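Inside the fold
Here's the letter readout for the chains.
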Amino acid sequence: MAEKNFLVDHLISEIKSGTFQLDKKLPSEHILADQFNVPRMVVRKAYEQLQDLGFIYSKQGKGSYVQETKKQIPLILSGDVSFTEKMKEFQFSFQTSTIFCEEISYDQKIFRSLEVESDDRVFKIGRLRLMDDFPIALHTSFVAKSTFPEIEKDGPDITSMFQYYRQRGFVEFGSSRSKLNVIFPTLFERDILQCSSLIPLLQVESLCRDKRSNQVLEHTVIIYRSDCFTYVI
C-alpha cells in the first residue's frame, strides 16, 4: 500500500509539472516497476487509482495516457446566489436537467427547517447541473406545498428555483449559515455524477429565505464534484 501511494503521488506530481503531457503515453508497467523496484502489480494498482481519480485514461492494448484536466469553476458557497445565473455570467456551456420531483414522507429535520407542520406536503426537486454535457453537481430543493401551491405541477419543469420564486413575487433572497461536509459518493451519486468512489464530493446544506418577510422558501442540499470547482467562502 505504501509503495502504491508513493507511486501515485509521484505520478500526479509529474503530470501537474508537465513532465507527462496531455495525451502522451505514460511509461509501461514494466519500465516503472524496474525504475522504482516494485512489483508490476503495484504499478498496475497505481495506474488504476490514477484513472479513478481522472488523471489518466487507458487504451486497450496500448497503455495509459494523460487525461485533460477538468475546467475549475469558481463557486460561491451561499444560498442567495443563483447557480444558473452565476454560470451564465462566466459564459460556460451550462445546462440543467430536472431529474426528479417527488413528495417526501415526513422528515423532522426538513419540516422543521421549512417551518411547516407535519401534515403539510413537502416536495423535493432534483436538478442535475452539466457543463459541456458533463455532470458537475446535483441540486436538491425541498419546498412546501403550503408556500408554493402549484409546486407538484410546476416542479418537473423548474430549472432555476430563484427564477421560479421571482415569478411568484419573491425578489430578494437571503440564506442561513451553510453547512459543509465532505462525503464520498453513494452508488446513486456515482452513477448520476459519473464519478468513481475515490472522487470526494462537497455537500452544502442551507436555507433560502425571502428577505422581506423572512419566510423560508426552501431547504437546499447541493452536492458538487470536488474536482470541478474552486470555492469562494
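In the block above lies the structure referred to throughout.
Figured I'd write up the structure that's included with this text. Owing to the predicted nature of the structure, the values given are computational and were not obtained by experimental measurement.

The next point concerns the overall build of the chain. From N to C terminus, the chain includes 8 helices and 11 strands. The buried share among the 233 residues of the chain stands at 46%. Long-range contacts, defined as pairs at least 24 residues apart, comprise 60% of the intrachain contacts of the chain with a sequence gap of at least 6. A total accessible area of about 12800 Å² is found for the chain, and carbon and sulfur atoms account for 48% of it.

Right, let's get into the nonpolar core. Soluble, globular proteins show a tendency: their nonpolar side chains are buried together. Of all hydrophobic cores here, the largest spans 17 residues; its most connected members are Leu11, Phe20, Leu26, Val43, Tyr47, Leu50 and Ile56. Contributing elements (two or more residues each) for this core: α1 (2-17), α2 (29-36) and α3 (40-52). With residues near it in sequence (within four places) discarded, Leu11 still touches Phe20, Leu32, Tyr47 and Leu50. Judged by nonpolar contacts, the second largest core, of 14 residues, contains Phe123, Ile125, Val143 and Phe170.

Before going further, it helps to examine the packing of aromatic side chains. To describe a pair of aromatic rings, you give the distance between the ring centres and the angle between the ring planes. Overall, the coordinates contain 10 aromatic pairs when judged by the stated rule. With 5.7 Å between their ring centres and 20 degrees between their planes, Tyr57 and Tyr65 make a pair best called stacked. We classify Tyr65 as buried; its relative accessible area is 10%. Three or more aromatic residues joined by ring pairs form one cluster here, namely Phe148, Phe162, Tyr164, Tyr165, Phe170 and Phe173. Between Lys59 and the ring centre of Tyr65, over which it is positioned, the NZ or CZ distance is 4.5 Å.

Below, the discussion takes up unusual backbone geometry. Phi angles above zero are rare outside glycine, and Asn37 is one such case at about 55 degrees. Within the element layout of this structure, Asn37 appears in the loop between α2 and α3. Exposure remark for Asn37: the relative accessible area of 69% places this residue in the exposed category. The backbone phi angle of Gln194 is positive, close to 55 degrees, even though this residue is not glycine. In this structure, Gln194 sits in the loop between α8 (187-193) and β9 (201-210).

The next point concerns the environment of Val116. Among the secondary structure elements, Val116 is positioned in the loop between α5 (108-114) and β5 (122-131). Given the relative accessible area of 15%, Val116 is considered buried. Distance from Val116 to Ser146, taken between C-alpha atoms, is 8.1 Å for residues 30 residues apart in sequence. Excluding its chain neighbours within four sequence positions, the residues that come into contact with Val116 are Phe111, Val122, Ala144 and Ser146.

Moving on: the side chain of Asp120. Mapped onto the elements of the fold, Asp120 is located in the loop between α5 and β5. Of the side chains with opposite charge, Arg121 comes closest to the buried, unpaired Asp120, at an N-O distance of 7.1 Å. In this view, Asp120 contacts Phe111, Ala144, Lys145 and Ser146; residues no more than four positions away in its chain are not counted.

This part takes up the packing of α1 against α3. When two helices pack together, their arrangement is given by the angle between the helix axes and the distance between those axes. Running from N to C, α1 and α3 cross one another at 50 degrees; their axes reach a closest spacing of 9 Å. Looking at the two axes, α1 sits oblique to α3. α3 is crossed by α1, and the crossing has right-handed handedness. Here α1 contributes Glu3, Lys4, Leu7, Val8, Leu11 and Ile12 to the contact with α3, which in turn contributes Val42, Val43, Lys45, Ala46, Tyr47, Gln49 and Leu50. Per-class residue counts for the contact of α1 with α3 are 9 nonpolar, 1 polar and 3 charged.

So, about the pairing of strand β1 (residues 56-59). Looking at chain direction, β1 and strand β2 (residues 63-66) are connected through 4 bridges and run antiparallel. Directly across from Lys59, in β2, lies its bridge partner Gly63.

Calculation notes
Each residue is numbered by its place in its chain's sequence as written, counting from 1. Per-residue local features of the predicted model are confined to residues with pLDDT of at least 70, and side-chain atom pairs are confined, for both listing and counting, to 80 or more; whole-chain, interface and lining totals are unaffected and use all residues. With hydrogens and water set aside, each side-chain value is computed from the structure's full complement of heavy atoms. In this text, helices come from DSSP runs of H or I with a minimum length of four residues, and strands from runs of E with a minimum of two, each type numbered from the N-terminal end. The rule is simple: take the accessible area with a 1.4 Å probe, protein chains only, and divide by the maximum for that residue type; under 20% is buried, over 50% is exposed, in between is partly exposed. Here a residue-residue contact requires only that any non-hydrogen atoms of the pair lie within 4.5 Å. We get accessible surface area from the Shrake-Rupley algorithm with a probe of 1.4 Å; when it comes to residues, only the shown protein chains can shield them. Only buried residues count toward a nonpolar core. Its members are Ala, Val, Leu, Ile, Met, Phe, Trp, Tyr and Cys residues joined through side-chain atoms within 4.5 Å. Pairing of aromatic side chains requires ring centres within 6.5 Å, counting the rings of Phe and Tyr and the six-membered ring of Trp. Pairs whose planes differ by under 30 degrees are stacked, by over 60 edge-to-face, and all others tilted. Geometrically, a lysine NZ or arginine CZ counts as sitting over a ring once it is within 6 Å of the ring centre and also within 35 degrees of the ring normal. Positive residues here are Lys and Arg, negative ones are Asp and Glu, while His and the chain termini are left out of the count. Think of a salt bridge as a Lys or Arg side-chain nitrogen and an Asp or Glu carboxyl oxygen that are within 4 Å of each other. Lines fitted to the C-alpha atoms define the axes, with helices restricted to the stretch that makes contact. Angles between their N-to-C directions range from 0 to 180 degrees. An angle below 35 degrees is treated as roughly parallel, one above 145 as roughly antiparallel, one from 65 to 115 as roughly perpendicular, and anything else as oblique. The handedness criterion is simple: a crossing whose near helix is rotated anticlockwise from the far helix by less than a right angle is left-handed, and one whose near helix is rotated clockwise is right-handed. Each residue receives one of three labels: charged for Asp, Glu, Lys and Arg, nonpolar for Ala, Val, Leu, Ile, Met, Phe, Trp, Tyr, Cys and Pro, and polar for the others, Gly being one of them. Here a strand pair is declared whenever DSSP counts at least two bridges between the two strands.

So, to be careful, I would describe these as geometric facts and stop short of saying anything about function.
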